[in-house]
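Structural overview for review
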Amino acid sequence: MTDKYTAFVSHGWGRDLAKRLGLPQPVALRRHAPGERLPEPVLVVGSGPSAGVLAAALEDWGVEVRREGADDGGASPQVGPDGARRSKLGAVLLVLDSVERPEDLSGPVLAAGRALRSLAGCGRVITVSRRASTADDPAVAAARQGVEGVLRSLAKELRAGATGNGILLAEGVPADAASVLGALRFLLSGRSAFVDGQFLTVGTDGGELPEDPERPLRGKVAVVTGAARGIGAAIARTLARDGAKVVVVDVPAAGDSLARVANGVRGTALQLDITRPDAGERILEHALGRHGRLDIMVHNAGITRDKLLANMDDARWNSVIAVNIAAQLRINEALLASERFGAGARIVSVSSTSGIAGNRGQTNYAASKAGVVGMVRSTAVRLAARGGTANAVAPGFIETEMTAKIPFATREVARRLNSLQQGGQPQDVAEAIAFLASDAAGGISGNVLRVCGQNLVGQ
Ligand code: NAD
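Residues numbered from 1 in each chain as written. Predicted model: local features only at pLDDT ≥ 70, side-chain atom pairs only at ≥ 80, totals over all residues. Heavy atoms only, no water.

Some words on helix α6 (residues 178–188)
Selection criterion: For every residue, the accessible area (1.4 Å probe, protein chains only) is compared with the maximum for its type, and the residue is labelled buried under 20%, exposed over 50%, or partly exposed between those bounds. Strands here are runs of E lasting at least two residues and helices are runs of H or I lasting at least four, both read from the DSSP assignment and numbered beginning at the N terminus.
Most of α6 is tucked away: 10 of the 11 residues are buried. By the burial criterion, the buried members of α6 are Ala-178, Ser-179, Val-180, Leu-181, Gly-182, Ala-183, Leu-184, Phe-186, Leu-187 and Leu-188.

As for helix α8 (residues 255–264)
Convention followed: For this quantity, the arc is that covered by the directions from the helix axis to the C-beta atoms. Whether two residues touch is decided by their heavy atoms; if any such pair falls within 4.5 Å, the residues are in contact.
Inspection of α8 places Gly-255, Leu-258, Val-261 and Ala-262 among the buried residues, and these make up the whole buried set. The buried side chains of α8 occupy one side of the element, clustering within an arc of 120 degrees when seen end-on. In α8, the exposed residues that point more than 90 degrees away from the buried face are Asp-256, Arg-260, Asn-263 and Gly-264. The elements touched by buried residues of α8 are α7 (230–241), β8 (245–250) and β9 (268–271). Arg-266 sits one or two positions beyond α8 and adopts a positive phi of about 55 degrees.

Things to note about the domain arrangement of the protein chain
The criterion, for reference: A domain assignment, automatic or from a database, supplies the domain bounds used here. What counts as buried area is the accessible surface, traced by a 1.4 Å probe, that two parts surrender upon association, with contributions from both included. We define a salt bridge as a contact between a side-chain nitrogen of Lys or Arg and a carboxyl oxygen of Asp or Glu at a distance within 4 Å. Any N or O atom pair separated by 3.5 Å or less is treated as a polar contact, with the protein-specific requirement of one donor-capable and one acceptor-capable atom, and with residues adjacent in sequence counted only for side-chain atom pairs.
Its domain assignment divides the protein chain into domain 1 (37–73 + 86–202) and domain 2 (221–451). Across the boundary between the two partners, domain 1 contributes 20 residues, which contact 24 residues of domain 2. Approximately 1700 Å² of surface area, both sides summed, lies buried where domain 1 meets domain 2, with 63% of it carried by carbon and sulfur atoms. Area buried by domain 1 at its contact with domain 2 is led by Arg-191, Phe-194 and Leu-200, which between them contribute 41% of it. With its nearest N and O atoms 3.6 Å apart, the salt bridge here joins Arg-191 to Glu-431. Inspection of the region where domain 1 meets domain 2 yields five residue pairs in polar contact (both at pLDDT 80 or more). Elements with a minimum of two residues in the side of domain 1 that touches domain 2: α5 (138–157), α6 and β6 (199–202). When residues in the side of domain 1 that touches domain 2 are grouped by element, the largest group, five residues, is from α6.

Take a look at the structure:
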């Protein structure tokens, strides 16, 4: 689905006109394509040991790295030691995991700030810091929480498709843990094009980097519900592109388009209404019977039945709860009861920014999508015992048939209300899910990753 306005202001006189009138000027985002090179050079800012560790990891990936200590008093990354102007920066990595007082932020943060004018279009700013909630010392907690304030504000200042995101390390997780490097790679790449102003928390040292970063899901079997169209179809294609064998699930009425998606990804189709009491057992039976295993469960199927609460009827309320959350709970229970949904299992559920920030006319939908957040946090604890993870993604405005139904004026406002000034694509949600489903994300569980271009509503 195209956004005609973005196409119009991206070229020629449309661009000039938008500039003159001060209209939003969204740019076409850099998205992942096979063979993608990570943006470079990456300026690594920060003087602690983790900065060196992360710079070395980037160099191992073949990425050009520049270093800037926090204390070199205003050196500009735009000018080299010989006085010659340097090329644009692909990314700035701001390593702040050892800050202990708010005053510790000033050196590295201001150094990163000086580099921002050199950041290329669709560049990246990524912070690496520690989770504040586990710090005993108020000054340490203040410094760490300060990083989150910096990043969220900075992301709102970036332009031209550049994004700012952060990686939060739990206590004891080293900067070179597999999931930290996995998250870093994801956030640098075009896979995270519409993820902006967000944090991924790495809770454990678990996870494993793939041998082939282009095929991180090789050998895995994944199930995607609601895959006949929209975001679900994009998830199926993305997981298959990344090497997984995919089972696509949708209601029997969507059987024809489901079969087309299944053929397109060389997977198999399962016509199933997920609200059936035996849906979990049917999914297991199909995946194990046809493909011998089940590693990844993606709960994407969802419906809206919007009405103000004052006008809400039983049918609208109950159908949304039944599809969007009750079915997921029942399916997870069946999967968790099976030993075949085993080591390294992944559950990724689709929530919504409406479930986080609330949305007028969507009490039923928000109850279900907030429910997804509660469910994954609790399921994450249960899955940890078998080395599995449960996470959610919360899309903001995504260009699909669901959002195409929104009246024109409301739609136009809704899709501009984020830092990237445009709607996301189904692929953007799919990429985040593919990352969370990968072995590299083994240390990331109970997270809710918003894919919303830093929607101005909510966090
Ligand atoms: P969509 O309506 O285009 O597709 C949803 C699919 O789910 C359809 O193919 C439908 O047949 C299937 N489905 C519905 N009920 C089912 C059931 N009982 N059993 C099996 N399949 C069922 O929606 P979409 O825009 O692609 O959204 C996908 C998910 O993303 C949903 O959970 C939605 O709530 C969520 N989401 C979408 C947006 C957006 O902007 N489009 C934003 C936030 C969250």
